Structure formats: structure tokens, C-alpha cells
Amino acid sequence: MKRKAGQDPSITAHWRPATQAIRGGSARTEYGETSEALFLTSGYSYDCAGDAAARFAGEQQGMTYSRLQNPTVEMLEKRIAMLEGAEACRTMASGMAAMTAVLLCQLQAGDHVVAGRAAFGSCRWLTDTLLPKFGIATSLVDARDPQAFQDAVRPETKVFFFETPANPTMDVVDLAAVCGIARERGITSVVDNAFATPALQRPMDFGADVTAYSATKMMDGQGRVLAGAVCGTEDFITNTLLPFTRNTGPTLSAFNAWVVLKGLETLDLRITRQSENALKVGQFLEGRVPTILHPGLASHPQHELAMRQMKAAGTIFAIILDGGREQAHGLLDALQLVDISNNIGDSRSLMTHPASTTHAGMAEDKRLEMGITEGMLRLNVGLEDPQDVIDDLDRALRAVGL
Ligand SMILES: *Cc1c(COP(=O)(O)O)cnc(C)c1O
């Protein structure tokens, strides 16, 4: 009997997250390999023409083409769905491919979206620039206030779209309240959960309909590949997302899927340790810099809410210096260990100046409106010894007079 340990629900149903992260979705070939096989194939062959026809008709199980299915990619999708507590998941070539697909697959001209104002720069480009081009209106709200979502709803509102914690302002959204408002009105709530991952926060436990990921960040976790994912009900994935992605092709490569499968095996370990490290670094910086935005610190205005929704505050936070871009760039240039890098979720500590990198494409007034000032720096704390990160920051702060 071929053993499919990661697939049989009678075996997997009681698995806890750490087990799911290592074994979920695994399917073995006849060789019994322990590590997941990497299927670098674009196509599949059939025993007879009738089989090909049956598969295309959906009457026979099996793969037809890697834009549509791939065994390695499918293992990753099953694993992410399991961790998320979702019925189904489909992966994408990048986080932005996932965000684009999850919005366009369910919207059409005349529809309306309510989106969180504080968001990743490219997500703001989707809501501010792409959707309006196709006749889809967007209202941007302060997502920290659930009432703001309520007030922005129109009869044609189809989607709430937001991230929590938000990049890079660390705004926290009350998932239960906002997703509850969406549910009541038949609006689909879509949560970009890249910062937390299911290891720290499962939005569906709070009523979210759909979650979307940049798996490039904590899921890979070692800065290697781009990847994205969308999770939802079987009905949403099969009948709404798949018609869009199967025909437009934002498909994840099997190789990248394999790398993320390996990343998930250590996700819980990494995000737990990195969150501890980020808290230590945050505690060091508190009082040393004028403003620190770290949901794990009691000084964060939404600390209690964050701790209600999240197992830990995550690896990312922001600080704001009074000396504008000059002081912020000066601090970056004085770093010896922490890299100047706009990536996040890496096992390396990385720091960036959002106003001149991740959010440079936005008009200044829009940046300021969402709280990104010239003195803001965003830090991703890695797996190094946190004391070495603290020593590096200490030296860099002195170099800019702090
Ligand atoms: C990085 C990021 C994205 C985009 O993901 P890519 O994998 O870089 O395409 C989307 N949302 C958030 C919150 C992110 O941090």
C-alpha cells in the first residue's frame, strides 16, 4: 500500500500545527522518499487518448499541465491550507500575484472595495491605480477603526481588503470586528497576513473569509524565493479564484514551491525565536528613539488587541527619528551587521527607510496620510544573537547623535 501520510484526513485531522508544518500535504512516490519530491515538469502524459479527454473533462483525477497542477506545488497548497485552517489554498508566483488575483477574480466594473489605508506600497497601487482603471472604486480607511469600514460601505461594496499588522506602520486591525461587519453585509473580507503567518495569527479563526500571503517573507524565511498564496473555502477557490488563475497563469514554480515547503518546516521555530529577538531589540530601542511602533510593547496603542489576535508580535517593527531622512539614512549607513534591505521575514536582520524604498512610488501626501514620515525606519529582526543586533544598533544610533 502506498503511504500518503500527509493526505489522509483520518490521519491528519488531529495533527497539531508543528506537525502539520512538517508533514502536512506530503505525498510520496513509489520510491518512498522522506523529503518531498521536486517535480520539474511542465506537462503530463496519458496512457490513452480517452484518459486525456477524461481528464480535461474533469471526469478523471490527475494532472494535465503545470499551469494548472503540479505535485510539488499541490503539496505546498495542502500544507498551507492545513496550517491556515482553510478548506483550500492555491499558491502564486509572488505575494503581489496573490493579491492581484484575489481581488480581480471576484471584482468587476461597478463594484466597490474598502481597503486599509496603511498597506504595502504595491497593494496600495492595486487599490489606488489598477482597480479604478477597470471601473472598480476604492475607499481607503483608517483600518484601526472598525467603524471606518462600516461607514465606508456602499450597496455595491464587495470586498474589505487590509493587512494586520500593516506594513510598515504596524497598525493593527480588529479582525473579529471588521470581518464581522463584512459577514453581516455579505462582503468578502480579504486579509493580507504576510507579517504574522498562520504560525502567529489565523484570521479565519476571527471570521475572515479569505487570507492572502506573500510566502516570500516568513514562509520561505531565508530570503531565497518569491511565492504567494490565497486561502479560502473550497467554493471560493474552485469557483472564483481558479477560473481567473488557470487562465491568466500567475503560477508558482515547482522549485519555489519546494523551497517554501522546506521553509514551512522551520516556520514555527523561526517566527517564535525571531519574535523573541524582535521584542528584545524593541525593548532596547524604547526610550532610546523618539517613537517606536512595536505591537509587542505595552507602549503600542493597540498592544492589547495585537496580543488577543496574535501568539507573538512578530519579527517586524518600525521606529521614527526626529531628524528626517538625513538622520534615518545616516543610521542605516552606520550599520555593520544589520543589512540595508527592503526585504522582510528573512533570518537576517534587515532595515529599510520606507519613504525612499518600499513606499517611494507613492505621492508624499499619501505616504504622510498613512503615517510614513521621512524619519521612519522599518526593522526585521532575524535569527542572529539579539545582543549583536542591539550592539550594532547602539553604535549606529550613537553615530547619528542618539
Ligand atoms: C512583501 C509583501 C507583499 C508582496 O509580496 P511579494 O512576494 O514581494 O510579491 C504583499 N503584502 C505585504 C504585507 C508584504 O509585506
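Described below are features of the structure shown in this document.

What counts, and at which threshold
Residues numbered from 1 in each chain as written. Predicted model: local features only at pLDDT ≥ 70, side-chain atom pairs only at ≥ 80, totals over all residues. Heavy atoms only, no water. Phe/Tyr/Trp six-rings, centres within 6.5 Å; stacked < 30°, edge-to-face > 60°. Helix = DSSP H or I, 4+ residues; strand = E, 2+ residues; numbered from the N terminus. Buried < 20%, exposed > 50% of the residue type's maximum accessible area, 1.4 Å probe, protein only. Near = heavy atom within 4 Å. Polar contact = N/O pair within 3.5 Å; in protein donor to acceptor, adjacent residues only side chain to side chain. Areas by Shrake-Rupley, 256 points an atom, 1.4 Å probe, with all protein chains shown as cover. Nonpolar A, V, L, I, M, F, W, Y, C, P; charged D, E, K, R; others polar. Pairing = 2+ DSSP bridges. Axes fitted to C-alpha atoms, helices over the stretch in contact; angles between N-to-C directions. Contact = heavy atoms within 4.5 Å. Expected span 1.5 Å × (residues − 1). Bend = angle between axes of the 7 residues up to and from the residue.

## Looking at the packing of aromatic side chains
Inference 1: Scanning the entire structure with this criterion turns up three aromatic pairs.
Inference 2: Arranged with centres 5.0 Å apart and planes meeting at 50°, the rings of Phe149 and Phe160 form a pair that is tilted. Placement of Phe149 in helix 7 (residues 146–152) and of Phe160 in strand 4 (residues 157–163) is noted, with a sequence separation of 11 residues between them. Residue Phe149 shares its accessibility class with Phe160, and that shared class is buried.

## Some words on the site of the ligand
Inference 1: Near the ligand, the surroundings consist of 16 residues, among which Met96, Asp192, Ser214, Thr216 and Lys217 are the closest.
Inference 2: Contact distances for the ligand include 3.4 Å between an oxygen atom and a side-chain N or O atom of Asn167.
Inference 3: Protein contacts shield 93% of the accessible area of the ligand, which totals 380 Å² for the unbound molecule.
Inference 4: When the residues that make up the shell around the ligand are grouped by side-chain class, the tally is eight nonpolar, five polar and three charged.

## Quick word on the sheet that holds strand 2 (residues 112–116)
Inference 1: Strand order in the open sheet formed by seven strands is 1-7-6-5-4-2-3, and the pairing between neighbours is mixed. Of all strands in the sheet, those with a lone pairing partner are strand 1 (88–92) and strand 3 (137–141), marking the two edges. With strand direction ignored, the average angle separating the axes of adjacent strands in the sheet is 20°.
Inference 2: Alignment of strand 2 against strand 4, held across four bridges, turns out to be parallel. Paired with Val114 across the two strands is Phe160, which belongs to strand 4.
Inference 3: Of the strands in this sheet, strand 1, strand 6 (210–214) and strand 7 (228–232) are in contact with helix 4 (residues 71–84), which crosses strand 1 at around 130°.
Inference 4: Contacts from helix 8 (residues 175–185) reach strand 4 and strand 5 (188–192), with the element oriented near 165° to strand 4.

## Side note on helix 6 (residues 121–133)
Inference 1: Helix length check: helix 6, at 13 residues, gives a terminal C-alpha distance of 18 Å against a target of 18 Å (1.5 Å per residue), a fit within 8%.
Inference 2: Taken as a whole, helix 6 carries its principal kink of about 30° at Thr127.
Inference 3: Elements in contact with the buried residues of helix 6: helix 5 (95–104), strand 2, strand 3, strand 4, strand 5 and helix 15 (364–369).
Inference 4: Positive backbone phi, approximately 80°, marks Gly135, located one or two places after helix 6.

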